[in-house]
Each structure stands twice: as structure tokens, then as C-alpha cells.
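Geometric and topological summary
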Amino acid sequence: MKSNTVAKTNMVFNKSFGQHILVNPQVLQSIVDKAAVRPTDIVLEIGPGTGNLTELLLQRAKQVICVEIDPRMVIELTKRFKNSQYANKFKLIQGDFLTAQLPFFDLCVANVPYQISSPLVFKLLGQRPLWRCAILMFQKEFALRLVAKPGNDLYCRLSANVQMLARVDHLLKVGRNNFKPPPKVESSVVRIEPKNPIPDINYIEWDGLLRMCFNRKNKQLSAIFKNKAFLKTLEHNFQQIGMQQENNPQILAQADFQIEDKMVEEKDIESDEEQDQQKPTTQNPFRIKINEVLKSIDMFEMRPVKMDNDNFLNLLLHFNQAGIHFK
């Protein structure tokens, strides 16, 4: 006879850790089903809380590795599984997931603490060796941004970055009343499957380009790249990297991928546009160079909100060939 997978507790949950415990058995089961856990799988669970999802995973997996930061939850999990039939399959790591050294795993299945959603996704995508897939619950808006396509209002730098590294699918919506305590927002479950092999690009350059493009995603590229701060940065890179490449041709070798989901301040472009309207200015020679690249690939009037990753890769390639880098 199976035990009740939803543990009853009077514990006061810690909102600073984003603790909203999923208590609906049907939703818990649906998440595990969609993970398609195999008997040979090692499953990573982030923020297991009281262990409701953990128990269902233990019933199917070879091993479940839980990463939990709250000492009170660590005690609860230890009491629940240490002497259970799953004791030999249960492993607990106490600490912050974002700084923890992770062992190998096949799957990641988790009700994610919402305040660490973006760094959590990119830590997972940077994990080696690659894992098979992740079934993760996020705040609904964050989940929709992950899966947003060009032309969608929610399409952003996060969308382009994650979709460069992985396939992302929206699986189901989860109402706030399925949690204890109920969060203020609705939730969604997504499936993330990393691309294998990983794309062979320089991620520092890639994200540098996206930072600028998504600063004002509805503007034309020609308007975005007339921003004085951007021009100054790119011209500096042009001079510095040009000199470095003379001494080290491998200067643009692939770099580690570290991205946060933050948008660059928009005020620089707005102030530049106001200044352009107030007084005529002499065309910056480096701006002319950028415009020539944009025109040569018919992207002068393109808008980032409607560009897919192939467009961005093409843009980055031609900028780099012209000596323009986003270091």
C-alpha cells in the first residue's frame, strides 16, 4: 500500500526562501509523469521542501539528490526518508543550490524558488556533463518568457539566450491554490532539454550583442546602435581587440557562459534621441561602419523583437568579420 505522498505539517514556511509547498497530489503526479523518469535515472531536486515531490520521484528513480538550503526542511526530509524504504536511494545536500558543487544527474525535477529562477536556469545549462531534461515549475510570467517566440510581447533576452542553448516547452499551468501557503502569482511547468552538442559560439560575444539589442527591443537596429554609450564601448573593443589579436589570434576562443536575466537601462538611448532632436551632430565614423554592416545584410530596419536566433547569429558573424566585438 502506498503512503500518502503529501505530508501534513504545521510548519511556518520561510518566504525569504520562496517556500510555497505544492500540495495537490494530482499536480505532483503530473509533474513526475511528464518527467518520464526511468529506473536507471539519477534525479536532482532543488528545494524539495517537505518532500512531497521527492517521494514520488523516489518511487521511480535509481536515486534522488535533493539540494535544500533551509535547516528546518533538512530535518523534515531526514525524518521522512532516513528510515524509510527509500533510504538507500535518497541523498541530501544542505546548502545554496547556486553555489553548490553538483554531482552527475540525468534529470532535474523541481518546484523552483521563484526568486532564483534565472540564475538557476543558467547554472543548469552550464552544468557538465549534460543532463537529459529538466521539468521545472516557475512563476507563470517567467515561464512564458522562457518559451516566447519572436514577435511575442514577452520575447526578450532571456528567451533568446535560453533557446540558443535548449529546447523549451510549456507543459501546464498550476493555480496558486495548489500551494501552501498560496503564492501571489500563478505558476507554470516547463520542460527544458539542452542542445547536444552545445552551440559552438562565443557566449560572451553572444550575450553582449543581445544586451544591446534587447535594450529597446522594439526599436530598429539602426536606432539602437546610434546610442553614444554603445558606440563608445564598441569602438573601444574594436581598438583593444584589434591590438590583442595581432599578438594572440585565439583571443576570441569560447568562454564560459554566465548570464543573468537583467535588462540594460534604457535611459541612455532615450537621452541620445533627445539630444539628436535638439542639435545636429557630425556622423560618427564608427557609427557609419556599423550602419554599413547592417545595410549589407538587410538588417538596418530590423527590430530585435522580431529577430530569431539565426538572425542574431548572422548579425554577430558579420559584426565580428568587420572587427566589431561585444566583449
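Use the structure listed above.
Small disclaimer: the values here were computed from a predicted structure and weren't measured.

Analysis parameters
Residues numbered from 1 in each chain as written. Predicted model: local features only at pLDDT ≥ 70, side-chain atom pairs only at ≥ 80, totals over all residues. Heavy atoms only, no water. Core = buried A, V, L, I, M, F, W, Y, C linked by side-chain atoms within 4.5 Å. Buried < 20%, exposed > 50% of the residue type's maximum accessible area, 1.4 Å probe, protein only. Helix = DSSP H or I, 4+ residues; strand = E, 2+ residues; numbered from the N terminus. Contact = heavy atoms within 4.5 Å. Pairing = 2+ DSSP bridges. Axes fitted to C-alpha atoms, helices over the stretch in contact; angles between N-to-C directions. Parallel < 35°, antiparallel > 145°, perpendicular 65-115°, else oblique. Left-handed = near helix turned anticlockwise from the far one by under 90°. Salt bridge = Lys/Arg side-chain N within 4 Å of Asp/Glu carboxyl O.

**Here we look at the nonpolar core**
Counting residues in hydrophobic clusters, the biggest one holds 66 residues, and the most contacted among them are Leu44, Leu136, Ile192, Phe225, Leu315 and Phe319. Looking at this core, the element that brings in the most residues is helix H7 (residues 203-213), giving six residues. Filtering out sequence-adjacent residues up to four positions away, leucine 44 remains in contact with Ile65, Val67, Phe97, Leu102, Phe105, Leu107, Cys108, Val109 and Leu124.

**Some words on the sheet that holds strand S3 (residues 63-68)**
Across the sheet, which stays open at both edges, the seven strands sit in the order S4-S3-S2-S5-S6-S9-S7 with mixed pairing between neighbours. Looking at which strands have only one partner, the edges of the open sheet turn out to be strand S4 (90-94) and strand S7 (166-174). For this sheet the average axis-to-axis angle between neighbouring strands, irrespective of direction, equals 20 degrees. The pairing of S7 with strand S9 (residues 187-194) spans eight bridges and is antiparallel.

**Examining unusual backbone geometry**
Residue proline 129 is bonded to the preceding arginine 128 through a cis peptide linkage, with omega at 0 degrees. Cis geometry marks the peptide bond from asparagine 196 to proline 197, where omega comes out at 10 degrees. Checked against the element boundaries, proline 197 lands in the loop between S9 and H7. Notably, alanine 36 is not glycine yet its phi reads approximately 50 degrees, a positive angle. Mapped onto the elements of the fold, alanine 36 is located in the loop between helix H1 (25-35) and strand S2 (42-46). Judged by its relative accessible area of 46%, alanine 36 is partly exposed.

**Re the packing of helix H5 (residues 140-147) against helix H6 (residues 157-165)**
Here H5 crosses H6 at 60 degrees, and the two axes come no closer than 7 Å. As summarised for this structure, H5 and H6 are arranged oblique, according to the angle between their axes. Crossing handedness for the pair H5 and H6: right-handed. Facing H5, whose interface residues are Phe142, Arg145, Leu146 and Val147, H6 presents Leu158, Ser159, Val162 and Gln163.

**Focus on the pattern of salt bridges**
Inspection of the entire model under this criterion finds ten salt bridges. Arginine 72 is paired through a salt bridge with aspartate 70; the nearest N and O atoms lie 3.0 Å apart. In this structure arginine 72 comes out as partly exposed when scored by relative accessible area, which is 33%. The exposure class of aspartate 70 is buried, given its relative accessible area of 3%. A salt bridge links glutamate 186 to arginine 176, with the shortest nitrogen-to-oxygen separation between them at 2.7 Å. Taken together, the positions of glutamate 186 in the loop between strand S8 (179-180) and S9 and arginine 176 in the loop between S7 and S8 put the pair ten residues apart, joining distant regions of the chain. Judged by its relative accessible area of 33%, arginine 176 falls in the partly exposed class. In this structure, a network of salt bridges that share partners links the residues Arg157, Asp207 and Arg211.

**Details of the packing of helix H4 (residues 117-125) against H6**
Between H4 and H6, the least distance of the axes is 11 Å, while the angle of their chain directions is 20 degrees. When the interaxial angle is binned, H4 and H6 end up roughly parallel. Here H4 and H6 pass one another in a crossing that is left-handed. Across from Ser118, Val121, Phe122 and Leu125 in H4, the residues of H6 making contact are Leu158, Asn161, Val162 and Leu165.

Purely geometric numbers; function is a separate question.
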